[in-house]
Amino acid sequence: MNLEHLKATFKSLFHADPLVVRSPGRINIIGEHTDYNEGFVMPAAIDKAIYVGISKRDDHEVHLFSESYQKLDVSSIKDLKKSDNDWANYILGVADQIQKRGYILGGFNFYIDGDVPLGAGLSSSAAVECATGYALDQLFGLSISKMDIALIGQKAEQIFAGVNCGIMDQFASVFGKKDHAIMLDCRSMKYIYIPLELDGYKLVLLNTNVKHSLADSAYNKRRAACEQGVEWVKEKFPNVNSLRDVDLSMLEAYVKPKDLDVYTKCSFVVQEIGRLLNAAEQLKNGNLPALGKLMFETHKGLSEDYQVSCAELDFLVDAVKDLEYVLGARMMGGGFGGCTINIVKEENIDDLIENLTAQYAEKFGLKLGAYTVTTDMGTSVVS
Ligand code: GAF
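The residue numbering used here restarts from 1 in each chain and proceeds along that chain's sequence as written. Given that the model is predicted, a residue must reach a pLDDT of at least 70 before its local features are reported, and side-chain atom pairs must reach 80 or more before they are shown or counted; all residues, however, enter totals for whole chains, interfaces and linings.

**Quick notes on the overall build of the protein**
- Secondary structure assignment for the protein yields eleven helices and 13 strands.
- Taking the principal axes of the C-alpha coordinates as reference, the protein spans close to 60 × 55 × 40 Å.
- Counting over 383 residues, the protein shows a buried share of 48%.
- Considering only contacts in the protein between residues 6 or more positions apart, those separated by 24 or more positions represent 70%. Under the DSSP-based scheme used, a helix requires at least four consecutive residues in state H or I and a strand at least two consecutive residues in state E, with every element numbered from the N terminus. For every residue, the other C-beta atoms within 10 Å of its own C-beta are counted; 20 or more classify it as buried, 12 or fewer as exposed, and values in between as partly exposed. C-beta atoms are placed from the backbone. Whether two residues are in contact depends on their C-beta atoms, placed from the backbone: they are in contact if these lie within 7 Å.

As structure tokens, then:
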């Protein structure tokens, strides 16, 4: 990302100097589909981010320019409506949510660029939302808390994209810390930072370069299955509020007889919450092989039980699972495409990528994306 290019383009478009905000994409070490079940997640912000330039206008217009789409979108802050430009709606959606919370916004110029690959499951949309929320907060002096920036982003995603998502992605983008993973309790919203000491290993993301179209509807269906399971357990245990409160014996007794599919999905989530707690201990103790093993187990559960994987993701995990220099691998995020996350010995990374690129092209006729990432700080003003 070239900051000087951003500033120069902003100036030539809007004849003003921008305030520049950066908000990163995220990875998730372990704890998938647990956030909307009030479980734990373990994401980290990465060194790929969305950058936003912003300045006030004298009128009530909102001028948005996207570097990727090379398009200008113009609207009014007094009458925010959905735009025909999909990319603009993530930004307008955040401005709308801020106003709905009673804050007053004026017109603004806005430029967006970044290097988070789109549709790769690295939460580029959450990064856009959090960058926008924070940029508006800083520009108009609103003093919105960082937690609310994340919640506003989540709401904008739910309303604009129609995905009933949890809080993990926006939270990670806002609260990321260099060289650390975040262990977030999605019930209390309390969190701790766990040092990510990889000791000769690195995090490698392998991008399938596919995003199967059922992803959003399947996500909402999985969430509904979890809520159904909770309802059935609740009939016997009224104090149960989410799968966080449920154990496998409850599912066995009160969900399995009613619906095997709902039972299987709920069991995955309950096990995944337990797996994360185990993984956090392993990471704290520096036991990377044990952490890696848990990641492989998560993938198996996501693929066979929760059924949110796809042939391309399964292929990439299968291909590395017996390599002694890959400690762990799994699909990451909502599923049905995007990236796998891999813990790979540094000296073997180049060979691994070369071999898998060839195998993946042969099997699917697709180009494999590969990024070695480091963890980074969350949303901030950069200039
Ligand atoms: C997507 C969602 F946006 C997150 O909230 C989370 O549920 C994730 O899928 C699955 O763990 O990224």
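From this point on, the discussion continues.
**Quick word on the site of the ligand**
- Only the C-beta atom, placed from the backbone, is used; a residue is near a molecule or strand if that atom lies within 6 Å of it. In the vicinity of the ligand, the contacting residues are Glu32, His33, Asp35, Tyr36, Cys165, Gly166, Met168, Asp169, Gly333 and Gly334.
- In the scheme used here, Gly and all other residues not listed as nonpolar or charged are polar, with Ala, Val, Leu, Ile, Met, Phe, Trp, Tyr, Cys and Pro taken as nonpolar and Asp, Glu, Lys and Arg as charged. A breakdown of the residues in the shell around the ligand according to their chemical character gives three nonpolar, four polar and three charged.

**Observations concerning the domain arrangement of the protein**
- Domain limits in this description derive from either an automatic procedure or a database domain assignment. Domains assigned within the protein are domain 1 (3-196 + 377-381) and domain 2 (201-373).
- Taking the mean C-alpha position of each, domain 1 and domain 2 sit 25 Å from one another.
- At the interface, 30 residues of domain 1 touch 37 residues of domain 2.
- The set of elements that each furnish at least two residues to the side of domain 1 that touches domain 2 consists of strand S1 (19-28), strand S3 (43-56) and strand S7 (180-185).

**Considering the environment of Asn348**
- In this fold, Asn348 is placed in the loop between strand S11 (337-345) and helix H11 (349-364).
- Taking the number of C-beta atoms within 10 Å as the measure of exposure, Asn348 has 17 and is therefore partly exposed.
- With 33 residues separating them in the primary sequence, Asn348 and Val381 have C-alpha atoms 36 Å apart.

**Here we look at the sheet that holds S7**
- Whether two strands pair comes down to DSSP finding at least two bridges between them. Taken in spatial order, the three strands make up an open sheet running S2-S7-S8, and their pairing is antiparallel. Where the open sheet ends on each side, the last strands, each with one partner, are strand S2 (40-41) and strand S8 (191-195).
- The sheet contact formed by S2 and S7 spans two bridges and is antiparallel. Paired with Phe40 across the two strands is Asp185, which belongs to S7.

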